[in-house]
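Working through the structure, step by step
One-letter residues, chain by chain:
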Amino acid sequence: MMYFLTELSDGGGMFNLFRYITFRAGAAFFTALIFGFIFGRPLINLLRNRQKNGQPIRIDGPEGHIETKAGTPTMGGVLILGALTLSTLLWARLDNPFVWIVLGVTLSFGLIGFADDYRKIAANNNYGGLSGRTRLVLEGLIAIGAVWWASSIHPDDLSFRLALPVFKDTLINLGWFFLPFGMIVIVGAANAVNLTDGLDGLAIMPVMIAAATLGIIAYAVGRVDFTEYLDVHYVPGTGELLVFAAGLIGGGLGFLWYNAPPAAVFMGDTGSLALGGALGAIAVVMKHEIVLAIVGGLFVVEALSVIIQVLYFKRTGKRVFLMAPIHHHFEKRGWAEPQIVIRFWIIALVLALIGLATLKVR
């Protein structure tokens, strides 16, 4: 919205700053951060008043969680989404369809998560939310619509094609199979982040690290000069997603202020599904789906730990991990919660740097 003030500029002056994506990204970050600080405590008080028992705790989870986490309100993702939406609408170019695709996926997945959280709270049962099938169907429909829209906007030489990191001259034409592929990327990212969100602060920092990485890549692939130097595919218009990513980081930091151990609020499915969906949508829009698997490798491992645990238990009646997702395995082994969280943050940061390195490796 603020970008349109550039029409008041004669080529110089304050309003000319709004032309620059980097300036608007910085403004989006601080807008979202301030929003989080201003509305964080009132929102937590509102959620605590409305949720008498807080988020239902898994009775089969780690023993200490029932004592330490019971009564903590959930749906804190509303704070992140509010900050992210306001900052994006204020500072991103609203004539850019990629912004609307990513924001649409984020808010739609957030609504699914909100409905799931609401039903769990009403039932006072961690398993009382939306059925897994209902969630996946809704997420799949939204994701396919987003992938189709993005593919219809991409240049003809990139549309419905899979780009590979490192092998940068290679484009695999998936045709209409790109729709289910892109859907799996978005839905998979959303549910992987959802599985990771099991300890105070565990999910939000890796999400911010991944968002920062994807935002930098989106800015790079949206500029002809950068793509020529880095030898990557040029996707016009993706640079605006840096503004979205900056808003996500600002909103995430505002939320982390209250989610740091011991958490005063949980993001819930409202936040985790929305943020994971956002990461997946950004990757699809800028044609870096495989890089997302590297940058978000922590989320991939968390999801795989659940899949492996379930499949192995069904086949043998035994467990590979003491408990899944894998962060609970380390809890069962005696690791302190802050120890797990900080070590997982370090892993997320290393993976992000590896993902950035793919821009120049050939």
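In this report, we go over the structure that sits alongside the text. (Residues numbered from 1 in each chain as written. Predicted model: local features only at pLDDT ≥ 70, side-chain atom pairs only at ≥ 80, totals over all residues. Heavy atoms only, no water.)

Focus on the overall build of the protein
Heads up, the rule is: Where helices and strands are cited, they refer to DSSP runs of H or I of at least four residues and of E of at least two residues respectively, numbered from the N terminus. Put simply, the radius of gyration uses C-alpha atoms, and a globule should come to 2.2 Å times the residue count raised to 0.38. Only protein chains enter the area calculation, which uses a 1.4 Å probe; residues under 20% of their type maximum are buried, those over 50% are exposed, and those in between are partly exposed. We call two residues in contact whenever any of their non-hydrogen atoms come within 4.5 Å of each other. The protein chains shown are the only cover counted for residues, whose accessible areas, like all others here, come from Shrake-Rupley with a 1.4 Å probe. Counted as positive: Lys and Arg. Counted as negative: Asp and Glu. His and the chain ends are not counted at all. By convention, the charge on Lys lies at NZ, on Arg at CZ, on Asp at CG and on Glu at CD.
Within the protein, the regular secondary structure consists of 14 helices and 2 strands. Taking 21 Å as the expected radius of gyration for a compact globule of 362 residues, we find that the protein reaches 20 Å, a close match to that expectation. Referenced to the eigenvectors of the C-alpha coordinate spread, the extents of the protein come out at roughly 60 × 45 × 35 Å. Counting over 362 residues, the protein shows a buried share of 54%. Taking the intrachain contacts of the protein between residues at least 6 apart in sequence as the baseline, contacts between residues at least 24 apart amount to 74%. Looking at the protein as shown, the accessible area adds up to about 16100 Å², and 67% of this sits on carbon and sulfur atoms. Where the 26 positive side-chain charges of the protein centre and where its 23 negative ones centre are 7 Å apart.

Some details on the packing of aromatic side chains
Here a ring pair, both rings aromatic, is described through the centre-centre distance and the interplanar angle of the planes. Keep this limit in mind: Whether two aromatic rings pair depends on their centres lying within 6.5 Å, for rings of Phe, Tyr and Trp, where Trp uses its six-membered ring; planes under 30 degrees apart make the pair stacked, over 60 edge-to-face, and the rest tilted. The criterion is that NZ of a Lys, or CZ of an Arg, lies within 6 Å of the ring centre and within 35 degrees of the ring normal, and then a charge sits over that ring.
Applying the stated criterion across every chain, the model contains 8 aromatic pairs. Ring centres of Phe37 and Trp257 lie 5.4 Å apart, and the angle between their planes is 70°; on these two criteria the pair is classed as edge-to-face. Note that Phe37 is positioned in helix α1 (residues 21–50) and Trp257 in helix α9 (residues 241–259), a separation of 220 residues in sequence. Looking at Trp257, the relative accessible area reads 62%, which means it is exposed. Taken together, the ring pairs in this structure connect Phe330, Trp335 and Phe344 into an aromatic cluster. The ring centre of Phe226 lies 4.3 Å from the NZ or CZ of Arg223, which sits over that ring. A cation over an aromatic ring shows up here: Arg343 above the ring of Trp335, its NZ or CZ 4.7 Å from the ring centre.

Section: the nonpolar core
The tendency in soluble globular proteins is for nonpolar side chains to be buried side by side. Threshold: The definition of a nonpolar core used throughout is a set of buried Ala, Val, Leu, Ile, Met, Phe, Trp, Tyr and Cys residues joined through side-chain atoms within 4.5 Å.
Core analysis: the biggest nonpolar cluster contains 99 residues, and Ile186, Ile204, Phe244 and Leu248 have the highest contact counts within it. Considering every element that reaches this core, the biggest residue donor is helix α7 (residues 204–221), with 13 residues. Excluding residues that lie within four positions of it along the chain, Leu248 makes contacts with Leu84, Val207, Ala211, Leu275 and Ala278.

The analysis is restricted to geometry; functional conclusions fall outside its scope.
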